[in-house]
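Close look at the chain arrangement
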Amino acid sequence: MFGSRREEFGEDFVFGAATSAFQIEGVGDGRGSSIWDTFAATPGNVVDGSDGLVACDHFNRWPEDLDLVRDGGFGAYRFSIAWPRVLPEGKGPPRDAGLDFYDRLIDGMLERGIAPYATLYHWDLPSALQDLGGWQNRDVARWFSDYADLIGRRFGDRLAATATLNEPWCSAWLSHVLGKHAPGLRDYRAGARAMHHLMLAHGNGIAALRAAGVRNLGIVLNLEKCEPATPSPEDAFAANLWADVFNRFYLGAVYRGAYPAELVQRLEDFLPAGWEADLPAIHQKLDWCGINYYTRALMRHDPAGGLFPTTKVDGPLEKTDLDWEIYPKGLTDLLVEVSRDYTDLPIHVTENGMAEVPGIDDPRRVRFYEEHLRAILAAKAAGANVAGYFAWSLLDNFEWAEGYLKRFGIVEVDFATQKRTPRSSYRAFQELLRR
Ligand code: FCB
């Protein structure tokens, strides 16, 4: 059980559980192809050769899953809408059956007293848009705002909070420079364009949602606490550069309307011409700030890195089943930094959790959550405006390039039978949140 008490967080503090569409829904009654369908179908991209065709079969089992959210004591559920389910070609005519599914899901939350926190884009770009260049094509900002308009008009009055993008660093750098996520490119020009067009899509998406009358808008950024591997000035430089790439590019764009100067210098040749003129459209007024936190990045200078001479080293701290260092202090530090340097908006920690070896009893995960909840209380005490916390994830699910081997659920999923079994960590939240 957790040591902290519900009252310590304040009455209005939101506790939720999070998932994303591609990772849990399965195809269900049909959806268009996304970049993750074709990426997963290509051998070598996903460790266990798996795909998202069935996943947790949440498309059919959502009532049971929402019951789990409610019975866990969570007041909110963070989910994402699959763009290709509602717009199979990414643009053009919507698919009614797809819209109907999200009607059922959102109404199902409201019936259970769960506040719907929607994310419009959690990585499943329609393949038809990838054929046109995807995030590398400037038109994607328009396709996205048309999609946002559709969602806003149809569901906006029932959503408690809405985010445009989940973790644009992953959609840009991890997917277009490091090649580890769909569409699997390794190219700075593709990456720089994706970075900028994602930001422009966010800005245009916010404008479209506002015009459709949707309230409480934000974006979800993943931040890593970047620290130097040694006290050398070279490693300090490497950690700082990585913080620009990972954190400050997106924080700067969204909350200041500016990209970090040093990073822009390095990317200058690859960014689309005239990018500066888009900054005002990117810098929209928001209502809340979403931060996902998992680990720190311990960085060392690496002359072999070319334009980005910085590389991650294996740190000494206790690690999760994905070998990510467990570092709750990094969460406190980042929350305080963001509140101090970027925004006074209420911050929701929209994802936090750990991959752990299979099993129903997960004492290390219970401890992980307890330590990160404490880290949030520490950040609040230091003045950070933290308003909510979402556990990643409600369910074991398709963990992208790791397939189904790495388990983040506070509820176990047996993928052979689709049976859900709450873990000790779920019970710990239930105990904390019991009225
Ligand atoms: C985040 C993603 C989420 C999940 C967790 C473990 O980067 O937003 O979908 O994969 O990591």
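In what follows, the accompanying structure is described.

The rules behind each value
Residues numbered from 1 in each chain as written. Predicted model: local features only at pLDDT ≥ 70, side-chain atom pairs only at ≥ 80, totals over all residues. Heavy atoms only, no water. Helix = DSSP H or I, 4+ residues; strand = E, 2+ residues; numbered from the N terminus. Expected span 1.5 Å × (residues − 1). Buried < 20%, exposed > 50% of the residue type's maximum accessible area, 1.4 Å probe, protein only. Contact = heavy atoms within 4.5 Å. Pairing = 2+ DSSP bridges. Right-handed = clockwise from strand over helix to strand, strands pointing away. Near = heavy atom within 4 Å. Areas by Shrake-Rupley, 256 points an atom, 1.4 Å probe, with all protein chains shown as cover. Nonpolar A, V, L, I, M, F, W, Y, C, P; charged D, E, K, R; others polar. Axes fitted to C-alpha atoms, helices over the stretch in contact; angles between N-to-C directions. Parallel < 35°, antiparallel > 145°, perpendicular 65-115°, else oblique. Left-handed = near helix turned anticlockwise from the far one by under 90°. Salt bridge = Lys/Arg side-chain N within 4 Å of Asp/Glu carboxyl O.

Considerations on helix H5 (residues 96-111)
Relative to the 22 Å expected for 16 residues at 1.5 Å per residue, H5 spans 22 Å between its end C-alpha atoms, a close match to the ideal helical length. Taken residue by residue, H5 has Gly98, Leu99, Phe101, Tyr102, Asp103, Leu105, Ile106, Gly108 and Met109 as its buried positions. On its buried side, H5 packs onto helix H1 (21-24), helix H3 (58-71), strand S2 (76-80), helix H4 (83-86), strand S3 (115-121) and helix H7 (140-155). Looking one or two places after H5, you find Gly113, whose phi comes out positive at around 75°.

Remarks on the pairing of strand S9 (residues 386-392)
Burial within S9 is extensive, with seven of its seven residues counted as buried. Two strands pair when backbone bridges link them, and strand S1 (residues 14-18) and S9 are joined in this way by five bridges, in the parallel orientation. Bridge pairing in S9 links Val14 to Gly388. Pairing geometry for strand S8 (residues 347-351) and S9, over three bridges, is parallel. Bridge assignment links His348 to a residue of S9, and that residue is Gly388. Once you follow S8 into helix H14 (residues 363-381) and on to S9, the crossover reads as right-handed.

Re the site of the ligand
Around the ligand sit Gln23, His122, Trp123, Asn166, Glu167, Tyr294, Glu351, Trp392, Glu399, Trp400 and Phe408, and those are all the residues in its vicinity. Within the complex, the protein chains bury 95% of what would otherwise be the 290 Å² of accessible surface of the ligand. Looking at the shell around the ligand residue by residue, the classes come out as five nonpolar, three polar and three charged.

Points about the pairing of S3
Where burial is concerned, most of S3 is hidden: six out of the seven residues are buried. Inspection of the sheet shows S2 paired to S3 by five bridges, in the parallel sense. Within the sheet, the bridge partner assigned to Ala76 lies in S3 and is Ala115. Note that S3 and strand S4 (residues 161-166) share four bridges and pair parallel. Following the sheet pairing, Tyr121 is matched in S4 by Leu165.

Concerning the packing of helix H13 (residues 328-341) against H14
Interhelical geometry of H13 versus H14 gives an angle of 30° and a closest axis separation of 8 Å. Overall, the two elements H13 and H14 adopt an arrangement that is roughly parallel. H14 is crossed by H13, and the crossing has right-handed handedness. Residues Pro328, Leu331, Thr332, Leu335 and Val336 of H13 form the contact with H14, whose own contacting residues are Glu371, His372, Ala375, Ile376, Ala378 and Ala379. Of the residues contributing to the contact of H13 with H14, the split by class is eight nonpolar, two polar and one charged.

Quick look at the pattern of salt bridges
Taken as a whole and judged by the stated rule, the model has 41 salt bridges. Of the charged contacts in the structure, one is a salt bridge between Lys312 and Glu224, with a shortest N-O distance of 3.2 Å. Taken as a pair, Lys312 in strand S7 (residues 310-312) and Glu224 in strand S5 (residues 217-228) lie far apart in primary sequence, 88 residues in all. Judged by relative accessible area, Lys312 falls into the partly exposed class, the value being 45%. Given the relative accessible area of 10%, Glu224 is considered buried. Its salt-bridge partner being Asp396, residue Arg423 comes within 2.9 Å of it at the nearest N-O pair. Remark: Asp396 occurs in the loop between S9 and strand S10 (411-414) and Arg423 occurs in the loop between strand S11 (419-422) and helix H15 (424-433); sequence separation between them is 27 residues. Three or more residues are tied together by salt bridges with common partners; here these are Asp100, Asp103, Asp107, Arg154, Asp157 and Arg158.

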